[in-house]
Structures are given as structure tokens and as C-alpha cells.
Amino acid sequence: MTIHTIHLIWFSPTHNSQTVSLAIARGTGIAEIVETDLTYESPEHPIQVSADTLTLIAVPVYAGRIACTAMERMNSLQGSGGPIITVVTYGNRAYEDALLELTDWATGRNFIPIAGAAFIGEHSYSKPDRPVAAGRPDSNDLKEAEKFGKEVINRLNTRANLSGISLLVPGNHPYKERKPQTPQSPETNPDLCTQCGYCIEICPTQAISLKEEIVSDSLKCIKCCACVKFCPNEARLFETPFTDYLYQNFSLRKEPEIFFGF
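Analysis parameters
- Residues numbered from 1 in each chain as written.
- Predicted model: local features only at pLDDT ≥ 70, side-chain atom pairs only at ≥ 80, totals over all residues.
- Heavy atoms only, no water.
- Helix = DSSP H or I, 4+ residues; strand = E, 2+ residues; numbered from the N terminus.
- Buried < 20%, exposed > 50% of the residue type's maximum accessible area, 1.4 Å probe, protein only.
- Polar contact = N/O pair within 3.5 Å; in protein donor to acceptor, adjacent residues only side chain to side chain.
- Contact = heavy atoms within 4.5 Å.
- Patch = residues over 30% accessible without salt bridge, like charges linked within 9 Å, V, L, I, M, F, W, Y side chains within 5 Å.
- Areas by Shrake-Rupley, 256 points an atom, 1.4 Å probe, with all protein chains shown as cover.
- Salt bridge = Lys/Arg side-chain N within 4 Å of Asp/Glu carboxyl O.
- Lys, Arg positive; Asp, Glu negative; His and termini not counted.
- Charge placed at Lys NZ, Arg CZ, Asp CG, Glu CD.
- Expected span 1.5 Å × (residues − 1).
- Arc of directions from axis to C-beta.

**Q** Please set out the side chain of histidine 7 residue by residue, giving values where relevant.
**A** For histidine 7, the position within the fold is in strand β1 (residues 5–10). Looking at histidine 7, the relative accessible area reads 8%, which means it is buried. A distance of 2.7 Å separates a polar atom in the side chain of histidine 7 from a polar atom in the side chain of threonine 36.

Right under this line is the structure:
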């Protein structure tokens, strides 16, 4: 099966899923790349991906499931019986049912999942003094991602068709129950904040606004902590006891996991 186009789709507030997607695409060697970024909004119009395109979708894991905002924005996508690579990125704890959930979604949207992977990215709650997968995906991760992409395209080139492919990945049915979000959200240190508005610009759910100072809407906030990680003045803060728990129990390096259905 000859593929000339790869369509990359990601939801990536802290750029981990985007970075891994681009590395996998490099590995495939496919020259024509189409990108759909779901991070800040849904596409204006529904997207139908043609059967002769290799699709790659990458999303972060939040508490063992696909981020709800990502799932909502993915509803505008539809396959045409073509191949798809499903990828999740998680913060070194566990991806639990997320990769299975994404693979099930792809099947239900008329894609054929041919390969899947779970890559590690720096946890949203990681702190300089309590690092959890800090700096990841790193150079070794990206080498593995490129190697993965190369292997996918090599296998595709030996297939006349994709009928009968079944991608088996870890996970459970029913999926892990989603727990209600805590009302906590990042806060602003007024002594450091210059009200530049960058946090407002990069928030994926428009949860941040400027009133007398920068404030967050805790009902809209998904706790991706993009505003915390990328504030140029380090004025955004998010403290949670879960950071200590992660640091104490999930600091040991984990490696990417890769699955092929053919």
C-alpha cells in the first residue's frame, strides 16, 4: 500500500503530543504533511480524511483517560476506511485506558488502527524541585518516535490492503470512571505578573481572563498547566498535593510502548 500523505491531528496544550507526532512523521519519510491542531478550538468544518492518507492522532492522558476537551473536538473528524496511528502521551504515571479509548474511537470513526503507541511527556504538575518526567519527550524518545514511524511505513509498503487488521492495545472495558474535577485552578502572583496576556492566548479552553488581574475560571480550566509552564515571568502557580505523590512514586523513568496490528 503506497501512502503519499500523512495527516497529523493533535490536542497538545504543553506541546508533548505535537512534538511526538512530528517526530513520527519524520520517521515515515512522507513528504506531504497535513496538520490539524485541536488544541485551541474545533475545526470550522467537519474533516473527512481520505482512504489513501495515513492519519496520526495524538492526545494527552488525563487521569488514565483521553482529555475530555480533546474528545469533544475530535468529533469533527471522520475517516474513509484508511489507516491511522493512535498515540497518547502521559506523565510517567500510567496511561491506563486512554490508548484503548483512542483506538476504539478511531475504529468507530471509520479509520483502521494499524499501530499505536504511548509516549512519555513531562507531567503537567511537574515542578523544578519535584520533577516528574522533566524534559520529556527527550532526544531518546524522539529517536524512538522516528524509528516507530519508519517501521509503520515499511510495514504499510508490504500490504496490498488493510482488511482484517486488528490493533490490540492495553486497557479495560468499561473504561476507568472519570472523577469530578477539583475546583482548584492556577493562580497568579501579582508581584510577578505584567499582564502581558500570553496565558490568555495559550489557554486551550479560554479559562483565563484579565479583570483587575489575571484570573482563571475553575469550571473551564482543565489543569493542563500550559499557563504555568510557559508564562514568561513565572507568575502563574499551581500547587497540589498530587505533585508530591507523583514525585515520590513515579520518578523512575518509563519508556515508550509501541503496538502493531500488522
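**Q** So what's going on with the side chain of arginine 136? Which residues, and what values?
**A** Tracing the chain through its elements places arginine 136 in the loop between β8 (112–120) and α4 (139–156). Of the residues examined, arginine 136 reaches a relative accessible area of 5% and is grouped as buried. Reaching out from arginine 136, the side chain makes a polar contact with the side chain of aspartate 141 at a distance of 2.7 Å. With residues up to four places along the chain from it excluded, the contact list for arginine 136 reads Asn16, Asn92, Ile120, Gly121, Glu122, Asp141, Arg253, Lys254, Glu255 and Pro256.

**Q** So, a negative patch on the surface: which residues are in play, and what are the values?
**A** A contiguous patch of negative charge on the surface is contributed by Glu35, Asp37, Glu41 and Glu44. With respect to the helices, strands and loops of the structure, glutamate 35 is situated in strand β2 (residues 32–37).

**Q** Describe the pattern of salt bridges, listing the residues and the values that go with them.
**A** Applying the stated criterion across every chain yields a total of 14 salt bridges. Across the pair arginine 26 and glutamate 146 runs a salt bridge whose closest N-O atoms are separated by 3.1 Å. In this pair, arginine 26 sits in helix α1 (residues 16–28) while glutamate 146 sits in helix α4, placing the two residues 120 residues apart along the sequence. You can call arginine 26 partly exposed: its relative accessible area is 48%.

**Q** How would you sum up α1? Please name residues and give values.
**A** Given a rise of 1.5 Å per residue, 13 residues ought to cover 18 Å, and the 19 Å separating the end C-alpha atoms of α1 matches this to within 8%. Residues Asn16, Ser17, Val20, Ser21, Ala23, Ile24, Ala25, Gly27 and Thr28 constitute the buried set of α1. Contacts made by the buried residues of α1 are with β1, β2, β4 (53–62), β7 (83–90), β8 and α4. Of the residues one or two after α1, glycine 29 is the one with positive phi, at around 75°.

**Q** Requested: an account of α4, with residues and values cited.
**A** Here α4 is 18 residues long and its end C-alpha atoms lie 26 Å apart, about the 26 Å a rise of 1.5 Å per residue gives. Along α4, the residues classified as buried are Asp141, Leu142, Ala145, Phe148, Gly149, Val152, Ile153 and Leu156. The buried residues of α4 all sit within an arc of 125° when viewed along its axis, so they share a single face. Every exposed residue of α4 that faces more than 90 degrees away from the buried side is listed here: Lys143, Lys147 and Lys150. Here the buried face of α4 lies against α1, β4, β7, β8 and β13 (257–260).

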